[in-house]
Amino acid sequence: HAAPPGGESLAQVAARVLDGVSDMAQRHPEQRILIVSHGLALGVVLCAAAGAPLTEAFQRIPENAQPMVIEWLPHEPAAPTICVASSDCSEAVLL
């Protein structure tokens, strides 16, 4: 995906977003962090967490306001765990 005029390419979005998520995980180990973002940024995180190619980011954009839990360990950024929680976050399903 090419960058729109004055915008970022998908690879640039991914680099920025994944650097940010990894940085937050390192600065806040053992803590829960709430991330609210645009769909493509979340799709990028979900691709990384699932080990899926970045080209799937657009297909992995979650529904609006869909709660998810992603365990992103700072020492294992290449192997995070995704849990898609129920709407009230009381039940989670490991993907």
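Residues numbered from 1 in each chain as written. Predicted model: local features only at pLDDT ≥ 70, side-chain atom pairs only at ≥ 80, totals over all residues. Heavy atoms only, no water.

Draft legend 1. Molecular detail of the overall build of the chain. Regarding its fold elements, the chain presents two helices and three strands. Beginning at the N terminus, the succession of helices and strands in the chain can be written as α-α-β-β-β. Expressed as a percentage of the 95 residues in the chain, the buried residues total 24%. Of the contacts made within the chain by residues no fewer than 6 positions apart, 34% connect residues no fewer than 24 positions apart. (Helix = DSSP H or I, 4+ residues; strand = E, 2+ residues; numbered from the N terminus. Buried < 20%, exposed > 50% of the residue type's maximum accessible area, 1.4 Å probe, protein only. Contact = heavy atoms within 4.5 Å.)

Draft legend 2. View of helix H2 (residues 39–50). With twelve residues, H2 extends 16 Å from end C-alpha to end C-alpha; this agrees with the ideal 16 Å at 1.5 Å per step. Of all the residues in H2, the buried ones are Ala 41, Gly 43, Val 44, Val 45, Leu 46, Cys 47 and Ala 49. Looking one or two places after H2, you find Gly 51, whose phi comes out positive at around 70°. (Expected span 1.5 Å × (residues − 1).)

Draft legend 3. Fine view of the environment of Gln 12. Positionally, Gln 12 belongs in helix H1 (residues 10–27). We classify Gln 12 as partly exposed; its relative accessible area is 43%. Separated by 2.7 Å, the side chain of Gln 12 and the backbone nitrogen of Ser 9 make a polar contact. (Polar contact = N/O pair within 3.5 Å; in protein donor to acceptor, adjacent residues only side chain to side chain.)

Draft legend 4. Fine view of the nonpolar core. Grouped together as the largest cluster of nonpolar side chains are 14 residues, with contacts concentrated most on Val 17, Val 21, Val 44, Val 45, Ala 57 and Trp 72. Among the elements of the structure, H1 and H2 are those that each provide at least two residues to this core. Of all the elements, H1 adds the most residues to this core, at six residues. Setting aside residues no more than four positions away along its own chain, Val 45 makes contact with Val 17, Leu 18, Val 21, Ile 70 and Trp 72. (Core = buried A, V, L, I, M, F, W, Y, C linked by side-chain atoms within 4.5 Å.)

Draft legend 5. Representation of the packing of H1 against H2 within the structure. Between H1 and H2, the least distance of the axes is 9 Å, while the angle of their chain directions is 70°. Overall, the two elements H1 and H2 adopt an arrangement that is roughly perpendicular. Taken together, the residues of H2 that come into contact with H1 (itself represented by Leu 10, Val 13, Ala 14, Val 17, Leu 18 and Val 21) are Leu 40, Ala 41, Val 44, Val 45 and Ala 48. Residues of the contact of H1 with H2, tallied by class, amount to eleven nonpolar, no polar and no charged. (Axes fitted to C-alpha atoms, helices over the stretch in contact; angles between N-to-C directions. Parallel < 35°, antiparallel > 145°, perpendicular 65-115°, else oblique. Nonpolar A, V, L, I, M, F, W, Y, C, P; charged D, E, K, R; others polar.)

Draft legend 6. Examining the pattern of salt bridges more closely. For the structure on display, the rule yields three salt bridges. A salt bridge links Glu 8 to Arg 16, with the nearest nitrogen and oxygen atoms 2.7 Å apart. Between Arg 60 and Glu 56 there is a salt bridge; the shortest N-O distance is 3.1 Å. Take Glu 56: its relative accessible area is 29%, and that puts it in the partly exposed class. (Salt bridge = Lys/Arg side-chain N within 4 Å of Asp/Glu carboxyl O.)

Draft legend 7. Local environment of H1. In a regular helix each residue adds 1.5 Å, so 18 residues correspond to 26 Å; H1 covers 26 Å between its end C-alpha atoms and thus fits that length. Buried within H1 are the following residues: Leu 10, Val 13, Ala 14, Val 17, Val 21, Ser 22 and Ala 25. Projection of H1 onto a plane perpendicular to its axis shows the buried side chains occupying an angular sector of 145°, all on one side. The exposed set on the far side of H1, more than 90 degrees from its buried face, consists of Asp 19, Gln 26 and Arg 27. (Arc of directions from axis to C-beta.)

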